[in-house]
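Below, each chain spelled out in residue letters.
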Protein chains: 2
Amino acid sequence: MRDVGIIGIGQTAVAEHWDRSIEDLAVEAITEARRDAGTDRADALFVGNMLSGELAGQENLATAIADAAALLPIEALKIEAACASGGAALRAAWLAVASGAHDYALVVGVEKMTDHLTDGVTAALATAADADYEAGFGISFVALTALLMRRYMHDHAARREDFAAFSINSHRNAALNPRALYRQPITVADFIASPVVADPINVLDSAGICDGAAALLICPAAEAGRARRTPVRIAASACATDTLGLAERADPLVWQAVAGSARLAYDRAKVGPKDIDLFEVHDAFSIVSVLTLEACGFADRGSALRLAAEGRIALEGDIPICTLGGLKGRGHPVGASGVYQIVEVVQQLRGEAGPAQVKGARVGMAQSVGGSGSVSVTHILRA
Amino acid sequence: MRDVGIIGIGQTAVAEHWDRSIEDLAVEAITEARRDAGTDRADALFVGNMLSGELAGQENLATAIADAAALLPIEALKIEAACASGGAALRAAWLAVASGAHDYALVVGVEKMTDHLTDGVTAALATAADADYEAGFGISFVALTALLMRRYMHDHAARREDFAAFSINSHRNAALNPRALYRQPITVADFIASPVVADPINVLDSAGICDGAAALLICPAAEAGRARRTPVRIAASACATDTLGLAERADPLVWQAVAGSARLAYDRAKVGPKDIDLFEVHDAFSIVSVLTLEACGFADRGSALRLAAEGRIALEGDIPICTLGGLKGRGHPVGASGVYQIVEVVQQLRGEAGPAQVKGARVGMAQSVGGSGSVSVTHILRA
C-alpha cells in the first residue's frame, strides 16, 4: 500500500443555506480544496452523505456532484455509513489511492437538512437506528441516546449538569471558528436552563440541524511532497461495527465499534492515546463524547466527565477535543461532519487554526460515529 | 496493486419476498457465498444498495447487514450509485483487496422494493434522475427512458416491435435460470400486445419491481488459487460518469459513461469487444441494451437492433447477453442487479450455468448503469 497525504482542504460555512442546493454546497467545498491544493488534478470523487435521498430527493448524488463540479467523466461513488458517512468517504478514497488505482482523489462530505420540517428530519435521522426494532416503534435518535445518558447517570451517579463542560468547550472553540454555526459561548447556567429535547438531553447538549459541505484532495505521499501546501499524512484509517440495536448489547455503555476502530488506528499508526495531540470527537451529544473518550483509552470507565471538569479537553489541555467547535458548536450536517473533522485536523497540523490553534500539534485523530455507536471510522493524521 | 479473484458466489431467488426483511435476503446470499467458497474468512463487507432509506426506512444498512450476518466487528460500508450500486460495491471491495488493506472482502447487493405501492417505488426510483430539473417536474424514470427510445426510433427509423428481440432473449434465458423472476418465454406478439407504461415503452420492455440479494467473496489472486472453487479473476474494474440530466447532453443517444467505463475496462484487461465471450448488459429497458451495445463497441451506431434481430445476442450467438435472464428476465432489484450480473458471469466462467451455459466462455463482462446512463461501472472477469 502507498502512503497517502492530504494536500487540499475546503469547507462551506455551516449554516441554514436556504438559497443553495446540495450540489452548490459540495461544489463550493470542492473548489476551495482544489484552490488550496493548487492543482486541478482529480481522478475520482468520493461523496460522504447520509440523507440526500430522503431530504433532497436525490440519490445518484456522486454523479450529481461530479456533474455540478465539472469533473465528468470522473469515477464517482457515494458512501453511506449513517452519521459516519464523512469518515467513510475518506476511507474509501484512501483505499483507492493507497491501492494505486487512482493518484488524486477528491472527498466531499455534504448534507442539506434545513429544507425540511423538523419532524421530517427527525424521521430521516432515525434511519440510522434499527428500523424494525427501534425506529419502527417510534423512538427517535435523540431518545435512543437519552437512554444511554440516563443509564450512564445511573451507573456513575452523574447529574445532567456534569455534562455541561463538553458543550461549553465546543461552543468556546466554535467562537474561534469563522465557519462555525453556533459561535456564542455558553455557561453552565445556560446549559441547565435550556429546554429538554428527550430527557435528560437538552437543546444545549445536542448538535443542531444544519447544512454544509467539506472537501479534501488526497494523493500519494510521494507526490504530496511536491504539492503547494505542506502535506498532512494519513497515518491510519480504520472502520469497525457493533450491533445496530442498543438492546442487543451486553453493555450499552461500552462502545465496541468506537473502541475497535480506534484500536485498529492506533496499531496502524503505531501510536497510543498519549501520542494524540488533539481529537476531533463525534460530539453529536455530550454522552457520545463521554463514551468515546472512555472507549478510546483517554479516560477510565466512568471518569470521562472528570476529564472535562478538569479542563483537560480544552485547547490548552492535554487532550483537546472538538478544537474548532465539534459537531455541537461548528454544526453537524450529518454526512459532512466526518470530513469537517478531517479539514479541522489538517488546519491544526498545518498550524493554521488561528486563535483555536493547539500549540505544537503533530498528531491528530478524528472519529466518525454512525447510529448508536454501531459504526465508527477513525483516522489518525500526522504533520 | 494485487490481482483479485472471486472465490464464492451466492444469490437469493429474485421474487416478491413478502415474508423476508432486507437483512434476511442479504444474509441468505452472504451465507451461500461463504459456503460456496468454503471459508469463513471475511475482513470487510461492502453493500450495494440504492433505496434502503426510502423503501425500508433503514440507512446504516451495511452495519445492519454485518450485524444480521454475525460479521461484527467487521468493517462495513454501503456504496450508492443509483442502479449501478451493485457494480459500485464490487468496485469498492476490489479497491480494498487490491490495495492490501483487506484480504477477504464480502460484497452483497440487495434491494427490497415490493413492500411499497408502485407509486412510492416509482418516486423512489426517480431519485436516480436529476431531482431539480427532471424528477422535480414529475417525470418518472421510465418516462425519461421513453424519451430516449422515441428519439432512437426517430433517428434510425425503428419500430417498437424491433426492440422485442431483446426482451425475448432475456425471457428465453431466464427460463433456464431457477433463480429468475420471469421464467415464461415470450413472443413478438406478446411484446406488441403488452400494455404501454410510458409510450413507446411497454410492460414487456421493462424490468419489473422485485426483491433480491446477491453476494461475492473476493480475495487476492494468490490466495484464490488455494481456494475450494476455481477462482475467477477480476481482470478489470472501472467507473465513469456523464451528465445527470439528459438535457445537458450534446447527443442523448451517445452514452459517454457507459462507453467510458467500458473503454477503461478494455484497456486495463487488455481486451476488446471481440474478446468478450458474454456480456451481462444492464437491460432495465431494451433501449438501454441498444445504447449499451453501441457505446461499448459491439455494434455501430444505429445498428444494435440488427444484432438482436440476427440472433447474435443469443446464448449460441457471437455476443451472448443477459445469459441468465438479465434485468428483464431474472429481475432487477436495483442495488442488487450489479452483483447478480457478476454472480452469473462467474457461473458461466466456471462452466456451471447449466442449460444456459455459453460454450467455452473464458472472458465475461458485466456492466451496471445508474440514472439515464449517468454513471456506469464495468467489470471484466477471466476464467
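Because the structure is predicted, anything quoted here is derived from the model rather than measured.

Engineer: Break down the domain arrangement of chain A for me, with residues and values.
Structural biologist: Residue and element names in this part refer to chain A. Looking at chain A, the domain boundaries give domain 1 (4–117 + 210–232) and domain 2 (125–197 + 233–382). Domain 1 and domain 2 are separated by 22 Å when their C-alpha centres are compared. On the side of domain 2, 36 residues touch domain 1, which itself brings 41 residues to the contact. Broken down by secondary-structure element, the contributors of at least two residues to the side of domain 1 that touches domain 2 are strand E1 (4–11), helix H4 (85–99), strand E4 (105–112) and strand E7 (211–220). For the side of domain 1 that touches domain 2, the per-class residue count stands at 28 nonpolar, ten polar and three charged.

Engineer: Give me the interface of chain A and chain B: which residues, what numbers.
Structural biologist: With 52 residues of chain A at the contact, the number on the chain B side is 52 residues. Contributing elements (two or more residues each) for the side of chain A that touches chain B: helix H2 (52–56), helix H3 (61–68), strand E3 (75–80), H4, strand E8 (232–241) and helix H10 (256–269) of chain A. Each residue belonging to the side of chain A that touches chain B can be placed in one class, and the counts come to 28 nonpolar, 16 polar and eight charged. Here E3 of chain A pairs with strand E3 (residues 75–80) of chain B via three bridges, running antiparallel. Within E3 of chain B, the residue paired with Lys-78 of chain A across the bridge is Glu-80 of chain B.

Engineer: Could you give an account of the confidence of the model for chain A, naming the residues involved and the relevant values?
Structural biologist: With 100% of its residues at a pLDDT of 70 or more, chain A has an overall mean of 97. Among the scores for the predicted complex, ipTM is 0.97 and pTM is 0.98.

Engineer: Any details on unusual backbone geometry? Residues and values, ideally.
Structural biologist: With an omega of 5°, the peptide bond between Leu-72 of chain A and Pro-73 of chain A qualifies as cis. Its place among the elements puts Pro-73 of chain A in the loop between H3 and E3. For the bond from Asp-199 of chain B to Pro-200 of chain B, the omega torsion is 10°, close enough to zero to count as cis. Relative to the elements of secondary structure, Pro-200 of chain B occurs in the loop between strand E5 (196–198) and strand E6 (201–202). In this model, Asn-60 of chain B sits at a positive phi of 60°, which is unusual for a non-glycine residue. The topology assignment puts Asn-60 of chain B in the loop between helix H2 (52–56) and helix H3 (61–68). A tally of 31 C-beta atoms within 10 Å means that Asn-60 of chain B is categorised as buried.

Engineer: Can you explain helix H14 (residues 334–350) of chain B? Please cite residues and give values.
Structural biologist: Residue and element names in this part refer to chain B. Along its 17 residues, H14 runs 25 Å from first to last C-alpha, staying within 8% of the 24 Å computed at 1.5 Å per residue. The buried fraction of H14 is high, at 16 of 17 residues. Once H14 finishes, Gly-351 follows within two positions and takes phi at roughly 75°, a positive value.

Engineer: Just give me the short version of the relation of the copies chain A and chain B, but keep the residues and values in it.
Structural biologist: Each copy of the sequence occupies a distinct position, and chain A is placed on chain B by a rotation of 180° and an axial shift of 0.0 Å, giving an RMSD of 0.0 Å. The transformation relating the two chain copies, once decomposed into turn and shift, fits a two-fold axis. Identified as the residue of chain A closest to the rotation axis by C-alpha distance is Ser-99 of chain A, at 1.8 Å. Mapped onto chain B, 100% of the interface residues of chain A are again interface residues, and the two copies thus contact each other with one and the same surface.

Engineer: If you had to explain the packing of helix H4 (residues 85–99) of chain B against H14 of chain B to someone new, which residues and values would you point to?
Structural biologist: Residues and elements named next belong to chain B. Contact pair H4 / H14: the axes reach a minimum separation of 5 Å and the direction vectors enclose 65°. Contacts between H4 and H14 involve Ser-85, Gly-86, Gly-87, Ala-89 and Leu-90 on the former and, on the latter, Gly-335, Ala-336, Ser-337, Gly-338, Val-339 and Ile-342. A per-class count over the contact of H4 with H14 returns five nonpolar, six polar and no charged.

Engineer: Can you lay out the pairing of strand E4 (residues 105–112) of chain B for me, pointing to particular residues and giving the numbers?
Structural biologist: All names here are of chain B. Most of E4 is tucked away: eight of the eight residues are buried. Pairing analysis gives five bridges linking strand E2 (residues 44–48) to E4, with the strands arranged parallel. What sits directly across from Leu-45, in E4, is Leu-106.

Engineer: Hey, could you go over the environment of Ala-146 of chain B for me, with residue numbers and the actual values?
Structural biologist: Residue and element names in this part refer to chain B. With respect to the secondary-structure elements, Ala-146 resides in helix H6 (residues 141–156). For the pair Ala-146 and Ile-209, spaced 63 residues apart in sequence, the C-alpha to C-alpha distance is 18 Å. Leave out the neighbours within four places in its chain, and Ala-146 touches Ala-198, Asp-199, Pro-200 and Ile-201.

Engineer: How would you explain the pairing of E8 of chain A if you had to name every residue and give the values?
Structural biologist: Residue and element names in this part refer to chain A. In terms of residue burial, E8 counts as a mostly covered element, since eight of its ten residues are buried. Judged from the two bridges that link them, E1 and E8 form a sheet pairing that is antiparallel. Across the sheet, the residue bridging to Gly-5 is Arg-233, located in E8. The pairing of E8 with strand E11 (residues 375–382) spans eight bridges and is antiparallel. If you follow Ser-237 over to E11, its bridge partner there is His-379.

Conventions used here
Residues numbered from 1 in each chain as written. Chains lettered and ligands numbered in written order. Predicted model: local features only at pLDDT ≥ 70, side-chain atom pairs only at ≥ 80, totals over all residues. Domains from an automatic or database assignment. Contact = placed C-beta atoms within 7 Å. Helix = DSSP H or I, 4+ residues; strand = E, 2+ residues; numbered from the N terminus. Nonpolar A, V, L, I, M, F, W, Y, C, P; charged D, E, K, R; others polar. Pairing = 2+ DSSP bridges. pLDDT = per-residue confidence, 0-100. Buried ≥ 20, exposed ≤ 12 C-beta atoms within 10 Å, placed from the backbone. Expected span 1.5 Å × (residues − 1). Least-squares fit on C-alpha atoms with pLDDT ≥ 70 in both. Axes fitted to C-alpha atoms, helices over the stretch in contact; angles between N-to-C directions.

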